Every structure is written in C-alpha cells, then in structure tokens.
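Observations on the three-dimensional arrangement
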Amino acid sequence: MSKTFIKMSIRLTAIMVVWTACYADNPIVQTHYTADPAPLVYNDTVYLYTTHDEDELVNNFFTMNDWRCYSSTDMVNWTDHGSPLSYKDFSWASGDAWAGQCIYRNGKFYFYVPMKLKVGGKAIGVAVATDPAGPFKDPLGHPLVGNDGSWGDIDPTVFIDDDGQAYLYWGNPYLRYVKLNEDMISYSGDVVEVPLTTESFGVRSKDDRATQYEEGPWLYKRNDLYYMLFAAGPIPEHIAYSTAPSAVGPWTFRGVIMPTQPTSAFTNHPGVCEYKGNWYFFYHNAALPGGGGFNRSVCVEQFEYNEDGTIPTIKMTKKGAPQIGHLNPYDTVQAETICWASGVKTERCSEGGMNVCNIENGDYIKVKGVDFGKGAASFEARVASGSEGGAIEIRLGSPKGTLAGTCAVPGTGGWQTWKTVTCTVDGAAGVHDVFFVFTGESGLLMNFNWWKFHPVK
Ligand code: FUB
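Fair warning: this is a prediction, and the values are worked out from it, not measured in the lab. (Residues numbered from 1 in each chain as written. Predicted model: local features only at pLDDT ≥ 70, side-chain atom pairs only at ≥ 80, totals over all residues. Heavy atoms only, no water.)

With that out of the way, let us pick up the overall build of the chain. On a plain count of helices and strands, the chain comes out with 2 helices and 32 strands. For 457 residues, the compact-globule estimate of 2.2 N^0.38 gives 23 Å, and the chain sits close to it at 22 Å. Projected onto its principal axes, the C-alpha positions of the chain cover 65 × 45 × 45 Å. The buried share of the chain, taken over its 457 residues, is 59%. Relative to all contacts within the chain whose residues are 6 or more apart in sequence, the contacts with residues 24 or more apart total 61%. Surface summary for the chain: the accessible area is close to 17,800 Å², and the carbon and sulfur share equals 51%. (Helix = DSSP H or I, 4+ residues; strand = E, 2+ residues; numbered from the N terminus. Rg over C-alpha atoms; globule rule 2.2 N^0.38 Å. Buried < 20%, exposed > 50% of the residue type's maximum accessible area, 1.4 Å probe, protein only. Contact = heavy atoms within 4.5 Å. Areas by Shrake-Rupley, 256 points an atom, 1.4 Å probe, with all protein chains shown as cover.)

So this is what it looks like as structure tokens:
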C-alpha cells in the first residue's frame, strides 16, 4: 500500500471512529499486507511464513511475488525477517507466490510453495534452507508435484507422522496427497485423490461444488487424532475441519471453526501450532486500512480444544492472543520487532537482517509488555538518516502517553550509514507498552535498526 494511501486511510478511519486499532495486536503485521499464514515452531520460537499481497495490484487481482517470514517468542511482538523466498528463485515459475508451508527435518527447513508455471498451469515446488529465515533454494530445478497444466495444484500442507512418514496434501477444487520420501524433495507411489464426500467434508450451502472443501488444507495430529482444516466454500470462505484416525483418512466432517465475519476477505486460510503449552489458530482477513480480497492481513487467536478433541468456534478479534511473558528491554532488540506499527515499512539492512524505514513525522512503533523492572536510566538506538534526521520519543502506554525520553537523531550522511545515539530515560519502571514515536520535519526522517535500554544502577 502506498504510504500516502495508508495515512489517508488511517486519518479517515480515525475521524469516523475512535481509533482503537492502534492498541490492537491483530493483524500481526502492519508494514506489509500478508496472507496464508503457516506457523512453524522451532527452537522455542514461532516462525510464521506468509504470502505477501503487493501494495499495488496488477489487473485488480492477486499480485503476489514472494513469501515473508516473521518470528515471535511471546505471540504479540513479531520480528520481521523479510522475504526468504520469491517465485523468481524457481527457474520454471512465472509468478503467483501463493500459500505454502515450511517444515523442519534432519537439520534443514523444507518450504513447499505453489506457483504459476512458465508453460501455464500451477505446480508445487520445494525450497530448502539451513536457517528458518532462509535463504531458501530450489534443489530440483523443476516442480515437485503438478506439472500437467492443471490450475488446481496449489496450497500445499506438509506433515511428518510419528513413524517418520511425511505427507504432502494440496489442491483446489480437489484434495490430493503424496507420501514424501525421507529426503523431503521426492515422493514414492501415486498421487492419491481424496474422495470429497459430504460425510468427509460437509454439505455446502450452495451447489457450485459437492462439499465445503475449497482449498488451503492444513494437516496436523494431536493425541491420536489427525486434523484436516481447510478454507471452506462457498465464497466468501469460512474455515471448517475434518478429523481422521490416520493421516490418510477416512475423514469425518466436524464443522465450522471460523465463520465469515465483517472483516473477512473473500478467502481465508488456516494455520495451527502448539507453542509453550498453548494452541494458536492463524488466519487472514481484510482488517488493515486499505484491506480487501487482494490486500489481506494475517491474524492469530489462542484457543483450547473441547474435552472430546473438537475445536471450538473461533472469532476474529482485534485483541489477538495473550502475551507470553514480557520483553526484556535490556537486551538488544531489533527495531523490526513490532506489536503494532503506524506508517512505517521494513527493508534489508546493510548491517544484516532488516531495519525499519519509511519513517515520517508522527509514525510510531508499539512494542508490547516491556518489563523495565526497577527502571531504565538510558536508551540507545542504531539509526541512519540521509536527511536532517529527527527524534525518537519514548512514550509509555500510548502514542501520546508519558514521555520517558527523547533521542535526537542527526543526519548520518546516508540511509544505510549507521550511528548509535543515546539519551537519558526517566520514569520507565515496571511493565509498559512502549511507543517509539518519530518526530521531525516533513519527509523521510531516519531508518532504525535496533534499540536497547540500560537499567538504573
Ligand atoms: O493467497 C492466494 C490464494 O488465496 C491461496 O493460495 C488460497 O488459499 C487463497 O488464500
């Protein structure tokens, strides 16, 4: 979305209603439009892979060129790792970087993603990395499945069963699977088509298809039960699910998890993970300013299973999941670790990782649940500015909350010419939501790489 458009939308919304979204935690990402969430828990961290709806649409349709990766250890502050993979990394693909899923096995990360083939139709490729944030590379040089000109080979979900057998399911309007080999980049046996019966996938309220199954399957196992969540039709999509006693069925329809709601896009997409003893349900909607069917945003809710293992109805909320623990401000924290951002973007940083960019007067970043303990005495920030610079105000509780410090940012001679600036801090003790509010003249003020507080002695 263009910055001017975001700011106009935000101002308009703020006039129409009291602007409550700035205190919300959903959608998770505000710096880009994201969709098709695929969580992966690795090393005590939730990695969230998403698709990426470009700000500028081509032909007013899905305009999707790459995937993005975020991570969190508290479910509310998410660190932006940028784009680990693009359709351009596949020599045989020509676009449509649609819904994928990443899984870890034997020291490597395998990211299964659908794309449009140069020769027409859709197919699913696999890319491999040794770091969850990539970079991922295509080891095959050709699709893993679906090379027959079909347009339905999209939305892969991958699952490794307790016996080590891995499964790849995918498809719209059909649901197909293969058994992956242990190398995760090849498979054995035939492509199997799952019978789409109403007993297995529910009765549709419209007769455009036989069942509620539409696309976006998500397969996992809890206790001895296998769950197949899916985007369900008719359009606008809701999310429904089925369960089975094995990874290959037979599937029994269990009902709707997430009905369509006022902020729904015309698609939705499930992703589920267990993290630190809690269960999380990821989905997307059109809730960001400028949002719509092709400008979607990923959200998360915490949920608990019913006693019989069924999944309750889950509503879209602005509040999102509760925070796990607090953020330590005395560690070095990446500026792109964000609960909520207003007006800014992120980009690759010359010092590694990402930095926050596109910062103008009045923009801000919220970091939630920061525990200052006995109190902070000073603050340092890694900044760069190709203009005159500006200032970072440290405010507590809201963008207009108590001012705990102001850090002047000078021009540094370039947008990637980094300098560490410091300032004193007063009145920041205990737990607060911290708002870094950027101030200065009109135009771009600075870039922001990382920050750190120092405690009182
Ligand atoms: O994001 C592009 C497509 O829209 C996905 O592949 C589908 O699941 C739907 O969300």
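Anyway, onward from the coordinates.
On domain assignment, one finds that the chain holds domain 1 (3-303) and domain 2 (333-455). The gap between the C-alpha centroids of domain 1 and domain 2 is 32 Å. At the junction of the two partners, domain 1 supplies 26 residues and domain 2 supplies 27 residues. Taken together, the two surfaces of domain 1 and domain 2 that pack against each other cover about 2,100 Å², and 46% of this comes from carbon and sulfur. Lys345 serves as the salt-bridge partner of Asp55, at 2.9 Å between the closest nitrogen and oxygen. Summed over the shared surface of domain 1 and domain 2, the number is 13 residue pairs in polar contact (both at pLDDT 80 or more). (Domains from an automatic or database assignment. Buried area = accessible area lost by both parts, 1.4 Å probe. Salt bridge = Lys/Arg side-chain N within 4 Å of Asp/Glu carboxyl O. Polar contact = N/O pair within 3.5 Å; in protein donor to acceptor, adjacent residues only side chain to side chain.)

Take the site of the ligand next. The environment of the ligand is formed by Asp36, Phe62, Met64, Trp98, Ala99, Asp155, Glu215, Thr267, His269, His284 and Arg296. Asp155 places a side-chain nitrogen or oxygen 2.4 Å from an oxygen atom of the ligand. Arg296 is positioned such that a nitrogen or oxygen atom in its side chain is 2.8 Å from an oxygen atom of the ligand. Protein contacts shield 99% of the accessible area of the ligand, which totals 280 Å² for the unbound molecule. Of the residues in the shell around the ligand, the class split is 4 nonpolar, 3 polar and 4 charged. (Near = heavy atom within 4 Å. Nonpolar A, V, L, I, M, F, W, Y, C, P; charged D, E, K, R; others polar.)

Here we take up the pattern of salt bridges. Note that side chains of opposite charge can pair when their charged atoms are close. Enumeration over the complete set of coordinates arrives at 15 salt bridges. Note that Asp25 and Lys368 form a salt bridge whose closest N and O atoms lie 2.6 Å from each other. Of this pair, Asp25 sits in the loop between helix H1 (3-16) and strand E1 (33-42) while Lys368 sits in strand E26 (residues 364-371); the two residues are 343 residues apart in sequence, bridging distant segments of the chain. Considered together, Asp25 and Lys368 belong to a single accessibility category, that of buried residues. Arg204 is paired through a salt bridge with Asp208; the nearest N and O atoms lie 2.7 Å apart. In this structure Asp208 comes out as partly exposed when scored by relative accessible area, which is 43%.

Turning our attention to the sheet that holds strand E10 (residues 157-160). Read across the open sheet, the 4 strands follow the order E10-E11-E12-E13; overall the sheet is antiparallel. Looking along the sheet, the strands with just one partner apiece sit at the ends: E10 and strand E13 (187-193). If you compare each strand with its neighbour and ignore which way they point, the axes differ by 20 degrees on average. Strand direction decides the pairing type here: strand E12 (residues 176-180) and E13, joined by 4 bridges, are antiparallel. The residue bridging Arg176 from the neighbouring strand is Glu193, located in E13. (Pairing = 2+ DSSP bridges. Axes fitted to C-alpha atoms, helices over the stretch in contact; angles between N-to-C directions.)

Structurally, the position occupied by Lys400 is in the loop between strand E28 (389-396) and strand E29 (402-410). Between the C-alpha atom of Lys400 and that of Thr263, which follows or precedes it by 137 residues, the distance is 28 Å.

Let us now look at unusual backbone geometry. The omega torsion of the bond from Gly233 to Pro234 falls at 10 degrees, within 30 degrees of zero and hence cis. A cis amide bond links Ile235 with the next residue in sequence, Pro236, at an omega value of 5 degrees. Along the chain, Pro236 falls in the loop between strand E15 (225-232) and strand E16 (238-244). The phi dihedral of Asn60 is positive, around 50 degrees, even though this residue is not glycine. Along the chain, the position of Asn60 falls in the loop between strand E2 (45-53) and strand E3 (66-72). A positive phi is found at Asp155, a non-glycine position, where the angle reads about 60 degrees.

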